[in-house]
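Take a look at the letters that make up each chain.
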Amino acid sequence: MKNKTIHLLQSVLGYERYLFLFTLLKVKTLGLDRRKSDFIFFNKLLPFDATILVIGACTGITTIPFAQGFKQRNVLAYEPLPDNFRILTKIVGFFKCNNIQLFSFGLSDKDSATQMILPVVNGVKKHGMAHIDADFIQEYREGISYSTELRKADTRPELAEKKINAIKLVAENYELPILLGAKEIILKNRPLIYCELWQNEHRSAVLSFIQSLEYRIYFRQGKLLTEYSGSNYSGKNFIFKSKYE
């Protein structure tokens with residue numbers, strides 16, 4: 001939707017009601033959204049009883065499909081922005097997905113308190129672009145600041161005894177600290193990883209790190225996974241697969 005339409009809807013409906021209705025519509029029509037085709041492809045690669053970490057769950061548009069219709073799956077969803085988390089909780093309740101556990105903090109390479117920025121562009125709150133207020137993130141700096149908590153995945157009690165089959169990571173240029181904090185989990189479990197990366201210097205750092213863990217980097221090409229060479233893909237949705245699979 002165009003900014004003017006979104007601004008009108010956020011003004012008339014109220015921000016949180018808009019977010020709920022928007023999320024509900026997107027979940028129900030996910031299969032029609034070409035921008036989610038890489039995610040749908042990734043979801044089909046996972047076993048019916050997978051344990052999945054959703055890091056940066058936002059309002060739940062791609063969290064619900066991991067769980068809905070897969071009663072034996074266990075989905076652990078992390079979302080640090082308070083506004084997003086409230087809608088995520090309502091959406092999970094609406095769809096009655098009892099196999100989703102929700103956590104109202106973010107993940108990083110250490111436990112800490114920090115700030116998040118909810119970007120505001122031409123009066124429109126961009127909930128999907130919310131990000132950690134870190135010096136190395138220069139995009140979408142103008143907006144509303146929120147306090148939040150970050151935790152290291154490798155020390156989280158809810159993950160200690162679980163076999164992690166998959167990770168979906170979307171963190172608006174904060175992916176590297178999150179992966180650093182989950183290094184032990186990744187090495188122990190060798191999960192399949194879906195990661196959204198912008199085309200900037202952060203992408204190179206993330207790809208170098210994941211390769212150091214003996215993962216191969218792929219992207220979807222039609223119905224197949226194609227290995228990334230560094231110049232054969234200009235999109236942002238990557239799938240990391242352990243060399244040992």
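Scroll up a little and you will see the structure.
Description of the structure in this document. The shown structure was predicted, so the numbers you read here are calculated from the model rather than taken from an experiment. (Residues numbered from 1 in each chain as written. Predicted model: local features only at pLDDT ≥ 70, side-chain atom pairs only at ≥ 80, totals over all residues. Heavy atoms only, no water.)

**Comments concerning the overall build of the protein**
1) Next: From N to C terminus, the protein includes eight helices and 13 strands.
2) Next: Considered along the principal axes of its C-alpha atoms, the protein spans approximately 55 × 40 × 40 Å.
3) Next: Counting only residues that meet the buried cut, the protein has 53% of its 245 residues in that class.
4) Next: When contacts within the protein are restricted to residue pairs at least 6 apart in sequence, long-range pairs at least 24 apart make up 71% of them.
5) Next: Surface accessibility of the protein: about 12,000 Å² in total, with carbon and sulfur atoms responsible for 52%.
6) Next: Side chains of the protein give 34 positive and 24 negative charges; the mean places of these two sets differ by 9 Å. (Helix = DSSP H or I, 4+ residues; strand = E, 2+ residues; numbered from the N terminus. Buried < 20%, exposed > 50% of the residue type's maximum accessible area, 1.4 Å probe, protein only. Contact = heavy atoms within 4.5 Å. Areas by Shrake-Rupley, 256 points an atom, 1.4 Å probe, with all protein chains shown as cover. Lys, Arg positive; Asp, Glu negative; His and termini not counted. Charge placed at Lys NZ, Arg CZ, Asp CG, Glu CD.)

**Some points on the environment of Phe20**
1) Next: Here Phe20 shows up in helix α2 (residues 15-28).
2) Next: Along the sequence, Phe20 and Lys90 sit 70 residues apart, while their C-alpha atoms lie 7.7 Å from each other.

**Some details on the pattern of salt bridges**
1) Next: Under the defined criterion, the tally for this structure stands at 10 salt bridges.
2) Next: The closest approach of N and O atoms between Glu158 and Arg156, which form a salt bridge, is 3.0 Å.
3) Next: You can call Arg156 buried: its relative accessible area is 18%.
4) Next: Salt-bridge contacts for Glu227 lead to Arg216; the nearest nitrogen and oxygen are separated by 3.9 Å. Taken together, the positions of Glu227 in strand β12 (residues 224-227) and Arg216 in strand β11 (residues 215-221) put the pair 11 residues apart, joining distant regions of the chain.
5) Next: Each of Glu16, Asp83 and Arg86 takes part in a single network of salt bridges with overlapping partners. (Salt bridge = Lys/Arg side-chain N within 4 Å of Asp/Glu carboxyl O.)

**Overview of unusual backbone geometry**
1) Next: The phi dihedral of Lys96 is positive, around 55°, even though this residue is not glycine.
2) Next: Mapped onto the secondary structure, Lys96 falls in the loop between α5 (82-94) and β3 (100-103).
3) Next: Positive phi, normally seen in glycine, also occurs at Arg190, with a value near 50°.
4) Next: Counting through the fold element by element, Arg190 comes out in the loop between α7 (183-189) and β10 (192-196).

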